[in-house]
Amino acid sequence: MSRYVLPLSVLGTAVGGAVLLKDFVAGGACPSKATIPGKTVIVTGANTGIGKQTALELAKRGGNIILACRDMEKCEAAAKEIRGETLNHRVNARHLDLASLKSIREFAAKVTEEEEHVHILINNAAVMRCPHWTTEDGFEMQLGVNYLGAAAALCWSSREEIPHIQGHFLLTNLLLDKLKASAPSRIINVSSLAHVAGHIDFEDLNWEKRKYDTKAAYCQSKLAVVVSTKELSRRLQGTGVTVNALHPGVARTELGRHTGMHSSAFSSFTLGPIFWLLVKSPELAAQPSVYLAVAEELEGVSGKYFDVLKEKPPAPEAEDEEVAKRLWAESVRLVGLEMSHGSHGKTGQPLPK
């Protein structure tokens, strides 16, 4: 019997060490225990994946949670599940089709009219390395989804199954007045570490002239998120509204659809241990968004980039103010915000100067 003790001890130590290493790499749970009773939170793309887990965590902390989703059947089911698990009955599903500028304006107008406050806006979800598809408004899918809009966390297997979605940039701007009136308030934009490999090509932002490169398009879209976060932070100085971007880590919801990572048994076998170490659950991937939403020590912190739970410098291009101003102007044009400039009606809000 004693001859098995040492091998079992070594095995146990190795397994324990691997688990601890995975937790360290994944970043762990949100370190803040702060609660948000009575605070209104909007999470887009919250019927699945990271968005759903973010909504769940914030519901546990007492927030009034609005799940903003395109598929109301799934959204209602997610809201019901979260209410049951947290016993927080202030969790509601609302329709938001980010493929429709009309729907975005209607959603923003309804929130403005019906909600006394909006304290936290979490622009969540993304698509990763899709084929060269376009949204219904003609935007390259990853630019339209990851920067100008959002999706339900994945590219599906066929064009017909894709929710053609763009609108986070527009949505954020339309809710700014409500966020300012609710200050101190926070905007959280989910980006990716991949932004460091990105470049904003203003000559062909929409990939109409160049041969399409799905990886480069993904990196550009994620860089655009960080760049616009910096610019919006500059425009919101003194308003009590903060905005930050984050890399949540690599979650299981993001992988395997279009990357070719599991295209063969060999790649799955050889890369499996690396994936196990680096890829985290949606629960863990939601922790950075939760942290930026609730942490008291982040009150007043704005225009920053967080790699999981730690603030880090973004890519140099993300710090370029001229790039940021140019991208902002182009984004305003792309989503038609110029048409709502100076309007205080139900279809638009004035742009931040």
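Here the structure is shown first, and the text comes after it.
Residues numbered from 1 in each chain as written. Predicted model: local features only at pLDDT ≥ 70, side-chain atom pairs only at ≥ 80, totals over all residues. Heavy atoms only, no water.

## Some thoughts on the nonpolar core
In terms of nonpolar packing, the biggest core is built from 34 residues, with Val41, Leu58, Ile65, Leu67, Ile122, Tyr291 and Val294 touching the most fellow members. At the level of secondary structure, the elements contributing two or more residues to this core comprise β1 (40–44), α2 (49–60), β2 (64–69), α3 (72–86), β3 (91–95), β4 (120–123), β5 (185–190) and α11 (287–294). At 5 residues, α11 tops the list of elements feeding residues into this core. If near-sequence neighbours (up to four positions away) are discounted, Val41 is found in contact with Ile36, Leu58, Asn64, Ile65, Ile66, Ile120 and Ile122. Ranked by size, the runner-up nonpolar core spans 27 residues in total, among them Leu96, Ala108, Phe169 and Leu174. (Core = buried A, V, L, I, M, F, W, Y, C linked by side-chain atoms within 4.5 Å. Buried < 20%, exposed > 50% of the residue type's maximum accessible area, 1.4 Å probe, protein only. Helix = DSSP H or I, 4+ residues; strand = E, 2+ residues; numbered from the N terminus. Contact = heavy atoms within 4.5 Å.)

## Details of α11
By the criterion of burial, α11 is predominantly enclosed, with 8 of the 8 residues buried. Of all the positions in α11, only Gln287, Pro288, Ser289, Val290, Tyr291, Leu292, Ala293 and Val294 are classed as buried. In this structure, the buried residues of α11 make contact with α2, β4, β5, β6 (241–247), α10 (282–285) and β9 (305–307).

## Points about the sheet that holds β9
Pairing between the strands of a sheet is mediated by backbone hydrogen bonds and can be parallel or antiparallel. One open sheet holds the 8 strands; their spatial order is β3-β2-β1-β4-β5-β6-β9-β10, and the pairing between them is mixed. Only two strands of the sheet have a single neighbouring strand rather than two, namely β3 and β10 (310–311). Summarising the sheet, β4 and β5 pair through 4 bridges and their orientation is parallel. When the sheet's bridge partners are listed, Asn123 is paired in β5 with Asn189. Along the sheet face, α3 touches β2 and β3 and points at about 170° away from the line of β3. (Pairing = 2+ DSSP bridges. Axes fitted to C-alpha atoms, helices over the stretch in contact; angles between N-to-C directions.)

## Here we look at the packing of aromatic side chains
One pass over the structure, following the stated rule, counts 1 aromatic pair. When the ring of Phe169 is compared with that of Trp328, the centres are 4.9 Å apart and the planes differ by 65°; the resulting orientation is edge-to-face. Of the two residues, Phe169 is situated in helix α6 (residues 168–174) and Trp328 in helix α12 (residues 321–335); the sequence distance between them amounts to 159 residues. Each member of the pair, Phe169 as well as Trp328, is classed as buried. (Phe/Tyr/Trp six-rings, centres within 6.5 Å; stacked < 30°, edge-to-face > 60°.)

## Comments concerning the pairing of β3
Summarising the sheet, β2 and β3 pair through 5 bridges and their orientation is parallel. Note that in β3 the partner of Ile66 across the bridge is Asn92.

## Let's talk about the environment of Ala181
The topology assignment puts Ala181 in helix α7 (residues 176–181). Between the C-alpha atom of Ala181 and that of Thr239, which follows or precedes it by 58 residues, the distance is 8.9 Å.

## A few points about the pattern of salt bridges
Using the criterion set out here, one finds 14 salt bridges in the structure. Among the salt bridges present, the one from Glu299 reaches Arg186, with a minimum N-O distance of 3.3 Å. Of this pair, Glu299 sits in the loop between α11 and β9 while Arg186 sits in strand β5, and the two are 113 residues apart along the sequence. For the salt bridge of Arg210 with Asp201, the shortest nitrogen-to-oxygen distance reads 3.4 Å. Accessibility expressed as a relative area gives 31% for Arg210, which makes it partly exposed. Shared partners join several salt bridges into a network, and the residues in it are Arg94, Glu114 and Glu115. (Salt bridge = Lys/Arg side-chain N within 4 Å of Asp/Glu carboxyl O.)

## Some thoughts on the packing of α2 against α3
Remark: α2 packs on α3, axes separated minimally by 10 Å, with the N-to-C direction vectors making an angle of 35°. In this structure, the crossing between α2 and α3 has a hand that is right-handed. Residue-level contacts link Lys52, Ala55, Leu56, Ala59 and Lys60 of α2 to Ala78, Glu81, Ile82, Glu85 and Thr86 of α3. Its residues assigned to classes, the contact of α2 with α3 comprises 5 nonpolar, 1 polar and 4 charged. (Left-handed = near helix turned anticlockwise from the far one by under 90°. Nonpolar A, V, L, I, M, F, W, Y, C, P; charged D, E, K, R; others polar.)

## Let's talk about the side chain of Ser192
Relative to the assigned elements, Ser192 resides in the loop between β5 and α8 (214–235). Residue Ser192 is classed as buried on the basis of its relative accessible area, which comes to 8%. In this structure the side chain of Ser192 is engaged in a polar contact, spanning 3.0 Å, whose partner is the backbone nitrogen of Ala194. Setting aside residues up to four positions removed in sequence, Ser192 forms contacts with Tyr218, Lys222, Leu246, His247 and Tyr305. (Polar contact = N/O pair within 3.5 Å; in protein donor to acceptor, adjacent residues only side chain to side chain.)

## Observations regarding unusual backbone geometry
Residue Pro184 is reached from Ala183 by a cis peptide bond, and omega for that bond is 5°. Relative to the elements of secondary structure, Pro184 occurs in the loop between α7 and β5. Phi is positive for Leu87, which is not a glycine, with a value near 60°. Of note, Leu87 is situated in the loop between α3 and β3. For Leu87, a relative accessible area of 68% corresponds to the exposed category. Phi angles above zero are rare outside glycine, and Val308 is one such case at about 60°. For Val308, the position within the fold is in the loop between β9 and β10.

## So, the environment of Leu284
Locating Leu284 in the fold gives a position in helix α10. Considering only alpha carbons, one finds Leu284 and Gly28, 256 residues apart in sequence, at a separation of 6.6 Å.

## Description of the packing of α2 against α11
Put simply, α2 and α11 touch, their axes get as near as 9 Å, and they point 40° apart. Here α2 is positioned oblique relative to α11, judged by the angle of their axes. α11 is crossed by α2, and the crossing has right-handed handedness. Counted together, Thr54, Glu57 and Leu58 of α2 and Gln287, Ser289, Val290, Ala293 and Val294 of α11 form the full contact between these two elements. Split into classes, the residues belonging to the contact of α2 with α11 amount to 4 nonpolar, 3 polar and 1 charged. (Parallel < 35°, antiparallel > 145°, perpendicular 65-115°, else oblique.)

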